[in-house]
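Single-letter residue listing:
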Amino acid sequence: MPYKSLNSGTMWDFTLNPVLEGNYLLKEENIGTNESNLYHLEEMNTGDEVVFWGSTALDRQMEQIKTETRIRITFKGLVDSPKRPGKQYKSYIVEVWED
């Protein structure tokens, strides 16, 4: 049996490509110095595995989604924080595919 790469996927950049659509594969928790979530998705057009970092706004939406679900994430840009004046956060819309 040949070796299989354990490549964790290509990092998705929402500022360059604001829409990501594909099958949600898994979530890794407490990764890196910030103990962030790292999400894995099979990108719809290429079939490649891509990864992206979570954030408070994104994590809240992603926690409702089961793995193997087809999703679309749209980056809406920076939005002024109502709870922290003078600060901004990255805003996302997460949608699930329904037959």
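As shown above, the structure is provided for reference.
Here's a quick rundown of the structure. Small disclaimer: the values here were computed from a predicted structure and weren't measured.

1. Digging into the layout of surface pockets
Now for step 1: Roughly 350 Å³ of volume is contained in the largest pocket.
Now for step 2: Along its surface, the largest pocket is lined by 13 residues, and Thr56, Ala57, Arg60, Ser81 and Tyr89 are the ones closest to its centre.
Now for step 3: Mapped onto the lining of the largest pocket, the elements with two or more residues apiece are helix H1 (56–62) and strand S6 (88–96).
Now for step 4: Here the second largest pocket defines a volume of roughly 180 Å³.
Now for step 5: Lining of the second largest pocket is provided by Met11, Trp12, Asp13, Phe14, Thr15, Phe52, Trp53, Gly54, Ser55, Lys90 and Tyr92.
Now for step 6: Among the secondary structure elements, those contributing two or more residues to the lining of the second largest pocket are strand S4 (49–53) and S6.
Now for step 7: Of the residues contributing to the lining of the second largest pocket, the split by class is 6 nonpolar, 3 polar and 2 charged.

2. Quick word on the sheet that holds S4
Paired through backbone hydrogen bonds, the strands of a sheet run either parallel or antiparallel to each other.
Now for step 1: The mixed open sheet is built from 6 strands, whose spatial order is S1-S4-S3-S2-S5-S6. A strand with exactly one partner marks an edge of an open sheet, and here the two such strands are strand S1 (10–11) and S6.
Now for step 2: Sheet topology places strand S2 (residues 19–31) next to strand S3 (residues 36–43); 7 bridges connect them, and they run antiparallel. Paired with Lys27 across the bridge in S3 is Tyr39.

3. Topic: the nonpolar core
Now for step 1: Membership of the largest hydrophobic core comes to 16 residues, with the highest contact counts inside it found for Phe14, Phe52, Met62 and Ile73.
Now for step 2: Broken down by secondary-structure element, the contributors of at least two residues to this core are S2, S3, S4, H1, strand S5 (70–80) and S6.
Now for step 3: The element that contributes the greatest number of residues to this core is S5, accounting for 3 residues.
Now for step 4: Apart from the residues lying within four places of it in its own chain, the contact partners of Met62 are Tyr24, Tyr39, Phe52, Ile71, Ile73 and Val94.

4. Focus on the pairing of S5
Now for step 1: As paired elements, S2 and S5 share 5 bridges and run antiparallel to each other. When the bridges of S5 are listed, Glu21 appears paired with Arg72.
Now for step 2: Bridge analysis of S5 against S6 gives 9 bridges, and the strand direction is antiparallel. Along S6, the bridge assignment pairs Arg72 with Glu95.

Reading the values: rules and limits
- Residues numbered from 1 in each chain as written.
- Predicted model: local features only at pLDDT ≥ 70, side-chain atom pairs only at ≥ 80, totals over all residues.
- Heavy atoms only, no water.
- 1 Å grid on protein atoms, 1.4 Å probe; cavity = no way out; pocket = protein on both sides within 12 Å on 5 of 7 lines; lining within 4 Å.
- Points joined across faces, edges and corners; volume = space filled by probe spheres on them.
- Helix = DSSP H or I, 4+ residues; strand = E, 2+ residues; numbered from the N terminus.
- Nonpolar A, V, L, I, M, F, W, Y, C, P; charged D, E, K, R; others polar.
- Pairing = 2+ DSSP bridges.
- Core = buried A, V, L, I, M, F, W, Y, C linked by side-chain atoms within 4.5 Å.
- Buried < 20%, exposed > 50% of the residue type's maximum accessible area, 1.4 Å probe, protein only.
- Contact = heavy atoms within 4.5 Å.

What is shown is where atoms sit, not what they do.
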